[in-house]
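Remarks on the overall topology
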Amino acid sequence: MSLHFVRTCSVFFATAFMGFVLCGTAPAGEVQYPVAAYSADELAKVREWEKTWVGKKIEKSNIDQVAQFLPDQIVQLYKDPKKWGAPEAEGLFFSITPYTQVIETTGVVTATKKYAPSVKVNAEGDIVNYADIAGVPFPSPKTGLEIAWNFDFNTHGDSNHYSRIGPVIAPGVSIERNTNQDMYELYWIHRTDVDPVPAYADNPKGIHRGLFLHLYDPPESQNSRFFNLRYIDKNKEDDGYMWYAPFRRIRRINVGQRTDTIDGSDMIYDDEYGWDGHIQRNTYKLIGKKDLLCSRHTDIKKFQRAPGQAAPNNITRERIATYVVEVKSKDPHYLYGKRIWYVDPETYLMLWAEMYDELQRPWKCFEYFHENFKTNKGEMKNMIAGVMLLDFQRTHASLPLHSIHEVGSEKVNKRMFTVSYLQQAY
Amino acid sequence: MKKGIATAGILIGCVCFLLAAPSAQATVFLMDGKLQVNGYFKEQAYLRLDIPKTEDHFHKSNFDFVRTSLFFESLYKMHESEDYTINLFTGFRYYWMHDPHIDSQLKRGIPSCSYKEYTHPRGEDFITEAYVHFIKGPFELRAGKQIVVWGETDIKRTADVINPLDVRYGSPGTEDWETLKLGLWMLRGFYQTDLPGNLMFEMLVIPGDFKYTRVPIEGTHYGPSPANTSFNPGKGFGIYEWVQEKARRDAPGWGLRNTEVGFKIRGYTWDIDWSIFYFNTRNDSPTANGNFSKFANTYVFSGLKSILTGSKIDPKFPGYKVFNYKRYEVIGGTAQTIIEKLHGSEWRFEWFYEMGNHFNKGTNNDSSEIYAECERDTVGGGLVYSDRFTIPWFTHSLANDKKLSLSLSMFYEKVLGDFHDIIIYESGRGHRPGDSHATEFVWSISQQLFQSQVMLMFTGSYNPIGKYFLCPILSYAPGSHWRWEMALPIYGSKASGNKGLHDKDSILFRIRYEF
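Everything quoted here is computed from the prediction, not taken from an experiment.

Per the secondary structure count, chain A includes 6 helices and 16 strands. Computed over its C-alpha atoms, the radius of gyration of chain A comes to 22 Å, within 12% of the 22 Å expected for a compact globule of 426 residues. With the principal axes as the frame, chain A shows a C-alpha extent of 85 × 60 × 40 Å. A burial count over chain A gives 49% of its 426 residues as buried.

What follows covers the overall build of chain B. Tallying secondary structure elements over chain B gives 9 helices and 23 strands in all. Taking 515 residues into account, the globule formula puts the C-alpha radius of gyration at 24 Å, and chain B, at 24 Å, falls close to it. Counting only C-alpha atoms, chain B reaches 75 × 55 × 50 Å along its principal axes. Buried positions account for 38% of the 515 residues belonging to chain B. Within chain B, contacts between residues separated by at least 24 positions form 62% of all contacts whose residues are at least 6 apart in sequence.

Attention shifts here to the interface of chain B and chain A. Contact with chain B, which involves 44 residues of that partner, is made by 36 residues of chain A. Counting residues per element, the ones that place at least two in the side of chain B that touches chain A are β3 (63–80), α5 (177–180), β7 (184–192), β13 (327–339) and β14 (345–362) of chain B. Looking at which element gives the most residues to the side of chain B that touches chain A, the answer is β13(B), with 3 residues. Split into classes, the residues belonging to the side of chain B that touches chain A amount to 13 nonpolar, 16 polar and 15 charged.

Here the residue pair A:Asp195 and A:Pro196 is connected by a cis peptide bond, since its omega of 0 degrees sits within 30 degrees of zero. Within the secondary structure, A:Pro196 is located in the loop between β4 (177–187) and β5 (207–217). Residue A:Pro218 follows A:Asp217 across a cis peptide bond; omega there is 5 degrees. Examined against the element boundaries, A:Pro218 turns out to sit in the loop between β5 and β6 (225–231). Notably, A:Thr395 is not glycine yet its phi reads approximately 50 degrees, a positive angle. Mapped onto the secondary structure, A:Thr395 falls in the loop between β14 (380–391) and β15 (396–398). For A:Thr395, a count of 16 C-beta atoms within 10 Å corresponds to the partly exposed category. Residues other than glycine seldom take positive phi values, yet B:Asp401 does so here, at roughly 65 degrees. Mapped onto the fold, B:Asp401 is located in the loop between α9 (394–397) and β16 (404–415). By C-beta crowding, B:Asp401 is classed as partly exposed, having 16 other C-beta atoms within 10 Å.

What follows is about helix α4 (residues 106–115) of chain A. An α-helical turn contains 3.6 residues, so any two residues separated by three or four positions project in the same direction. Listed as buried for α4(A) are A:Gly107, A:Val108, A:Ala111, A:Thr112 and A:Tyr115. For α4(A), the buried positions fall inside an angular range of 130 degrees around the axis, keeping them on one side.

Next up on the list: the nonpolar core. Across soluble globular proteins, you tend to see nonpolar side chains buried next to one another. By size, the foremost hydrophobic cluster in this structure holds 102 residues, and its most contacted members are A:Leu292, A:Val325, A:Val343, A:Met350, A:Leu351, A:Tyr368 and A:Leu390. Both domains that furnish three or more residues to this core are identified here as domain 1 (3–42) and domain 2 (43–422) of chain A. Apart from residues lying up to four places away in sequence, A:Val343 is in contact with A:Ile147, A:Phe151, A:Thr322, A:Tyr323, A:Val325, A:Tyr348, A:Met350 and A:Leu351. In this structure, B:Trp242, B:Ala296, B:Tyr299 and B:Ile370 belong to the second largest nonpolar core, which totals 15 residues.

All names here are of chain B. In this sheet, β3 lies alongside strand β2 (residues 35–48) in antiparallel orientation, the contact comprising 13 bridges. Paired with Leu-47 across the two strands is Phe-63, which belongs to β3. With 13 bridges connecting them, β3 and strand β4 (residues 85–97) associate as antiparallel partners. Each bridged residue has a counterpart across the sheet, and for Leu-70 the counterpart in β4 is Tyr-94.

Here we come to the pairing of strand β6 (residues 139–146) of chain B. With 7 bridges joining them, strand β5 (residues 127–136) of chain B and β6(B) adopt antiparallel strand pairing. Bridged to B:Ile135 within β6(B) is B:Glu140.

With that settled, consider the environment of B:Tyr385. All names here are of chain B. Residue placement: Tyr-385 occurs in strand β15 (residues 370–389). Each C-alpha atom of the pair Tyr-385 and Gln-336 lies 9.9 Å from the other, and the pair is 49 residues apart in sequence. Residues within four places of Tyr-385 in sequence aside, it is in contact with Ser-345, Trp-347 and Leu-408.

Here we take up the domain arrangement of chain A. All names here are of chain A. Entries for chain A in the domain assignment read domain 1 (3–42) and domain 2 (43–422). Here domain 1 and domain 2 have C-alpha centroids that lie 32 Å from each other. Between domain 1 and domain 2, the contact holds 14 residues from the first and 19 residues from the second. Residue contributions to the side of domain 1 that touches domain 2 peak at 3 residues, all from helix α2 (residues 40–53). Each residue belonging to the side of domain 1 that touches domain 2 can be placed in one class, and the counts come to 9 nonpolar, 2 polar and 3 charged.

A separate point is the environment of A:Cys365. Residue and element names in this part refer to chain A. Relative to the helices and strands, Cys-365 is located in strand β13 (residues 362–374). Taking the number of C-beta atoms within 10 Å as the measure of exposure, Cys-365 has 23 and is therefore buried. Setting aside its immediate chain neighbours within four residues, Cys-365 contacts Pro-71, Gln-73, Ile-74, Trp-352, Glu-354, Leu-390 and Phe-392.

Residues and elements named next belong to chain B. When you line up the elements, Gly-262 lands in strand β9 (residues 260–269). Judged by the 21 C-beta atoms lying within 10 Å of it, Gly-262 is buried. C-alpha separation for the pair Gly-262 and His-101, spaced 161 residues apart in sequence, amounts to 43 Å. Contact partners of Gly-262, with chain neighbours within four places excluded, come to Ile-162, Leu-204, Phe-277, Tyr-278 and Phe-279.

About the cut-offs
As a convention, each chain's residues are numbered from 1 in the sequence order in which they are written. Labels are handed out in written order, letters beginning with A for the chains and numbers beginning with 1 for the ligands. Local features in this predicted model are restricted to residues whose pLDDT is 70 or higher, and side-chain atom pairs enter the listing and the counts only when it is 80 or higher, whereas totals over whole chains, interfaces and linings include all residues. Elements are defined by DSSP. Helices are runs of H or I of four residues or more, strands are runs of E of two residues or more, and each kind is numbered from the N terminus. Each radius of gyration is computed over the set of C-alpha atoms, and the globule rule expresses the reference value as 2.2 Å times the number of residues to the power 0.38. Exposure is read from a count of other C-beta atoms within 10 Å of each residue's own; the residue is exposed at 12 or fewer, buried at 20 or more and partly exposed in between. C-beta atoms are placed from the backbone. Working definition of a contact: two residues with C-beta atoms, positioned from the backbone, lying within 7 Å. Any residue that is not Ala, Val, Leu, Ile, Met, Phe, Trp, Tyr, Cys, Pro, Asp, Glu, Lys or Arg is counted as polar, Gly included; the first ten are nonpolar and the last four charged. What the arc measures is the spread of directions leading from the helix axis to the C-beta atoms. Joining buried Ala, Val, Leu, Ile, Met, Phe, Trp, Tyr and Cys residues through C-beta atoms within 7 Å gives a set, and that set is a nonpolar core. In this entry, domain limits derive from an automatic or database-based domain assignment. Two strands make a pair as long as DSSP finds a minimum of two bridges between them.

Encoded structure:
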């Protein structure tokens, strides 16, 4: 056996193995997952492009050269840093890092392979066995609705705890109003990583997800606590309970009015994670795929920002082929005329979201920063590490950043979403 | 002098600590997050819009309320494990009423026996709350000085019956409950069951602590002017203070005979969050006994003597008891739900039934003609509707898509049984003299503007007897610490004998540094 033959075989098997990992090649009949954003050929082209751009500081002077990979409004932002409160000397800048595939946790991969073949969809596009399955229901989505379902099924590690701290920014004004809150999230269904999977057996109220907040700032909300329960039933509104510290009362509050802005920020209740509501409340149209520069592996601790500066410097963005989905609310009086989602094809998390007003004029643009965090099982999970919320009509911004404490935490349990826990406050 | 320097030193020290806080965040975390501290430093003043001519000689300026206050809250996590948690919570306050220092004529109108109590906190008043909180699974126990809220409504107290109020410096609508309520030393336990309806049981025992309702002091902003209550204004306190001081002196101190007990069950049925409760308590407000006429006459004689001789009104408080704080029981409940079909509005209801509460009887319901005490049952309730609205163009263009909040409430109560000569109209419960029932409507409208930096609020109440309270409020909070507020509390009443604060229309200025 010649050395050449051994080398050829090695290269062949190595290539085949890489192909398996990157493209999720699997025996016929088995679900192909994980699915990489790029095929081998596409990746090769991306790597070629990266040779020019990785490590480069992108700013006003060279933003046009990568403009095709950014939402139009963001290009305008980098072209006019003064308008957005950036100091004259520094301006606004970011850098480009190489694309890195995000592999979901073993739990997500296993659940996807187990449940994806059994997904049952009715004529309206609803998943009939919605509460009984987990993972990514459509590993190779063909429609906007399937992408939306995949987004909906990401349980952010099933349970997590993070602190969200950030300013509400009027560009150029150095006095900022801060929000600071502890947030806890727990999924009753679609669970993949923390037992019980795929769902809590004991769920008489039919809860989908609970979100618990302990607010520290702004001061008028200090020590107020709130939890929101989302139900599996698409026709049932969320329930919200609040311990409002200044009144020292437990209040059941209306969380059905999803278009109210939160704490002076640029976000409405529906904007959490890009969309925070029942999937069936919108229509979805897959526009196609678009390569964008996205923040998927960003260390938010490295962000630099002067008071009054709308967008932080030192964001790192990598190129990825996002799914572009046009989202319209079925409510004709909805606040936004439409949303454009740019969805990560590997995690189905939102990377960018553009909002348009009722006259279809560009209004807001949100960038969701992501980072890999170690789960309590020791695996890596790509999680939202913060959001840059930009209102282009009002020239205003908010920058809530997440300090993630735990992913896949068993400390976040069902008891937290009870009135008795809510009133364990001061 | 030394005390004044020490006080100033403490205040300056606290302010320096606050301003030097390392973080832009308001809440301060210390000891790796084990200790959480927050609070505020507040400067507050009322500028009276009009001072009646009869009160002229008790005022040099229209500022009749100027207060500096400091409030600290700390939560110390003593032990935190999956098995159990122990926390220690303390609330500390200090205030300094400047108005008598600024206005020497105003000082003349404040009775000397109440002066110190008015200008600074005394005794345990420094501590608003101090308790150990033990949590183990579904059990929870809180032991120490606490403020308990059992009601659901905002401005009126219907089912909120545990803690007495301190309305010397403010009233609901202009101050938050934390400031108005007096903590009581108690044991309070909870048990969250797994029973249907998420039933949660709560029990509290107040073993001996008793505090009476602190009513406004004569000559101060919230109290009546000695010009209206004194036989010889300027020559000593009025009959109001004579009565209130005696009521304070007759109040029971610590003692097991004061023990108060309460139970509460909270649950969730048919999409309604409800609670029912029972509380056996001693009334925080007194009734007068048969000695009242004799006691009142003592003041009248001293007053007449003052008029005739020009001497100071200076009666001696008698040793006999005039006021009793009698025991009664109350059962009640609350309910709240969201009605999706009504614009997703929030609805809250609370009710009470007081059993054997004590009242005085006076000829023609006149409090100066008291002749007997009696027991009556009282029933009442309150219904609150809250919602948020989008106003076309305004909400989007001026309010950054922050909706307008609206809350409307209606309260009703009735004293059951024979109402002949019963005195209740001065109690603040909204009755017309001679009426066994009272109704009140309360509203609150608020709108946040400029990304919540500015808030406009309009709150108020109307009682069909012709009594009203209107209070537009403007609040500006530009960053994480400072809050500037201005309000215009306006009071009015067409009801003779129930005038309330009808001549106290003011501009309220409030600056807070919050941390």
